[in-house]
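Structural overview for review
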Amino acid sequence: MEIKKGLEDVYVKETEITYIDGELGRLYYRGYSIYDLAEFSNFEETSYLILYGKLPNIYEYENFVKSLRESRGISDRVKEFLKSVKKNADPMDVLRTAVSIMGLEENTHTYNVSEQSIINLISKFPTIISYYIRLRRDLEPVEPDTSLSHAANFLYMVNGTKPSEEEYKAMDVAMILHIDHEMNASTFASLVVASTLSDIYSSIIAGISALKGPLHGGANYEALKMFKEIGYIENVEKYILNRLANKQRIMGFGHRVYKTYDPRARILKAYAKLLAEKKGGEIKRLYEIAEKVEEIGIKHLGPKGIYPNVDFYSSIVFYALGFEPEFFPTVFASARVTGWIAHILEYVKDNKIIRPKAYYKGEIGRKYIPIDSR
Ligand SMILES: CC(=O)SCCNC(=O)CCNC(=O)[C@H](O)C(C)(C)COP(=O)(O)OP(=O)(O)OC[C@H]1O[C@@H](n2cnc3c(N)ncnc32)[C@H](O)[C@@H]1OP(=O)(O)O
Ligand SMILES: O=C([O-])CC(=O)C(=O)O
């Protein structure tokens, strides 16, 4: 009996959404290289591409953007919930619960995905996240601005000021790069739920729950914690060697599919560097530490095919853009929600309940002994 631990190398569906070449470090959304999408597209257009399989024409694009902009507001019930949450709650738990409230409000029972629920999910994640960020900072939440694009509005709601062109582009590219990644753990988790024909909100909540873990979307937070813990560039080598000697992982390194440099990390590194140079101070110091961790990490782990992944430099980008580290996984989720939805739609079209097997190796036929005789 061969057991594929962690479902490594197991194909669970055919897809036309995302292709990863893990040996060459290449990534394509619907056949388009992410290098091109990062350079020429934006979050809204790439979301459309991921969801509907083609680049939109001008009317489709404008309608999609308009619906997203008009749906950013969150309900009073969600706002009341966010105000009631303690300030040290895990932001992913807060996001998960807010999405759960959205599901309650729509009162969906089974799988029945409307265009509006797709738009609601994508457009409202940033509003929920920034609302809670502002409350934690003891600041008034900032209402969405419909004149701004998705990424610019996100930064505006977080920081209370409109982002510069460079900040906008860095955020927009980071969001494009996080939209989808084939059959990662959170996408699979959301598919498991969708395959039972449960409602879309329950599936998305499963995605958020899986993404939260430090081995997945939580690694961006862990990477920044690690850079801060290292403190100074002179400490990097000793810290990394010590970590490896203690069998601890370098966070933001390693990947199930990439055995080389993650192409997303390559793009994000350039933006992290640009922002570090612009902002200076702590951001620059942390960027330089990250670069050194990369060098030492690759020296020791590169021969095993372990390189920086998306979470390594996204941590510096998100920090430079004004997010507190605990919120990084929520920013990841706000882009990945598009990918979760696209995979759910693709899977359920030709649905089969996901129900693998477990190979039983316990005893059978044991005799029941009453409790007072054990
Ligand atoms: C968006 C994303 O989810 S990207 C991934 C984000 N996660 C991280 O950055 C956390 C750190 N990385 C990891 O834990 C892993 O590389 C994972 C979870 C991403 C992939 O895990 P798997 O494909 O199951 O690989 P697995 O955990 O079996 O590791 C294989 C070997 O590489 C080593 N390894 C893997 N990643 C790392 C790392 N970051 N640092 C040090 N060693 C590592 C393991 O110790 C193991 O070594 P061994 O064979 O000597 O025991
Ligand atoms: O593909 C994976 O396993 C993890 C990952 O990089 C992602 O979800 O973006």
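Residues numbered from 1 in each chain as written. Chains lettered and ligands numbered in written order. Predicted model: local features only at pLDDT ≥ 70, side-chain atom pairs only at ≥ 80, totals over all residues. Heavy atoms only, no water.

The name an unreviewed UniProt entry gives the protein is Citrate synthase, with Stygiolobus azoricus as the organism. Recorded in UniProt under Sequence similarities (unreviewed entry), the annotation for the protein is "Belongs to the citrate synthase family." Entered under Catalytic activity (unreviewed entry) in the UniProt record, the comment concerning the protein runs "oxaloacetate + acetyl-CoA + H2O = citrate + CoA + H(+)". (UniProt positions renumbered as here; feature names shortened; annotations may be inferred.)

Here we take up the pairing of strand E2 (residues 26-29). What you see with E2 is a clean split: Leu-27 and Tyr-29 sit on the buried side and Arg-26 and Tyr-28 on the side with no burial. Across 4 bridges, the pairing between strand E1 (residues 18-21) and E2 is antiparallel. In the strand pairing of E2, Thr-18 is matched with Tyr-29. Where E1 folds back onto E2 in an antiparallel hairpin, the turn is made up of 4 residues, including Gly-25, whose phi is positive at roughly 70 degrees. Alignment of E2 against strand E3 (residues 32-33), held across 2 bridges, turns out to be antiparallel. Across the sheet, residue Tyr-29 finds its bridge partner in E3, namely Tyr-32. (Buried < 20%, exposed > 50% of the residue type's maximum accessible area, 1.4 Å probe, protein only. Helix = DSSP H or I, 4+ residues; strand = E, 2+ residues; numbered from the N terminus. Pairing = 2+ DSSP bridges.)

For the rest of this paragraph, the subject is the environment of Glu-277. Mapping Glu-277 onto the fold places it in helix H13 (residues 263-279). Taking the C-alpha atoms as reference points, Glu-277 and Tyr-287, separated by 10 residues in sequence, lie 9.3 Å from one another.

What follows covers the side chain of Thr-127. Here Thr-127 shows up in helix H6 (residues 115-136). Apart from residues lying up to four places away in sequence, Thr-127 is in contact with Arg-72, Ile-74, Pro-144 and Met-157. (Contact = heavy atoms within 4.5 Å.)

Let's shift gears to the layout of surface pockets. Its volume calculated, the largest pocket comes out at about 1900 Å³. Lining the largest pocket are 46 residues, and of these Asn-184, His-255, Arg-256, Val-257 and Lys-259 lie nearest its centre. For the lining of the largest pocket, the per-class residue count stands at 21 nonpolar, 13 polar and 12 charged. When its volume is computed, the second largest pocket comes out at roughly 280 Å³. Every residue lining the second largest pocket is counted, 14 residues in all, and those nearest its centre are Lys-4, Leu-7, Val-10, Pro-356 and Lys-357. Along the lines of polarity and charge, the residues of the lining of the second largest pocket split into 11 nonpolar, no polar and 3 charged. (1 Å grid on protein atoms, 1.4 Å probe; cavity = no way out; pocket = protein on both sides within 12 Å on 5 of 7 lines; lining within 4 Å. Points joined across faces, edges and corners; volume = space filled by probe spheres on them. Nonpolar A, V, L, I, M, F, W, Y, C, P; charged D, E, K, R; others polar.)

Taken together, 20 residues form the shell around ligand 1, and within it Leu-215, His-216, Arg-249, Ile-250 and Phe-253 come nearest. His-216 places a side-chain nitrogen or oxygen 2.7 Å from an oxygen atom of ligand 1. Relative to its free-state accessible area of 920 Å², ligand 1 is covered by the protein chains to the extent of 69%. Using a 2 Å cut-off from the grid points, one finds that ligand 1 occupies the largest pocket. Its residues assigned to classes, the shell around ligand 1 shows 11 nonpolar, 5 polar and 4 charged. (Near = heavy atom within 4 Å. Polar contact = N/O pair within 3.5 Å; in protein donor to acceptor, adjacent residues only side chain to side chain. Areas by Shrake-Rupley, 256 points an atom, 1.4 Å probe, with all protein chains shown as cover. Sits in = over half its atoms within 2 Å of the grid points.)

Given 3.6 residues per turn, any residue in an α-helix points the same way as the ones three and four places further on. Helix length check: helix H8 (residues 165-178) (14 residues) gives 20 Å between terminal C-alpha atoms against 20 Å at 1.5 Å per residue, within 8%. Within H8, 11 of the 14 residues are buried, which leaves it mostly tucked inside the rest of the structure. Every buried residue of H8 is listed here: Glu-167, Tyr-168, Ala-170, Met-171, Asp-172, Val-173, Ala-174, Met-175, Ile-176, Leu-177 and His-178. (Expected span 1.5 Å × (residues − 1).)

All right, on to the site of ligand 2 then. Every residue lining ligand 2 is accounted for by His-181, Asn-184, His-216, His-255, Arg-264, Phe-332 and Arg-336. Here an oxygen atom of ligand 2 and a side-chain polar atom of Arg-264 are 2.7 Å apart. Its free accessible area being 260 Å², ligand 2 has 85% of it covered by the protein chains. Cavity membership is defined here by more than half of the atoms lying within 2 Å of grid points; on that basis ligand 2 lies in the largest pocket. Residue composition of the shell around ligand 2, by class: 1 nonpolar, 4 polar and 2 charged.

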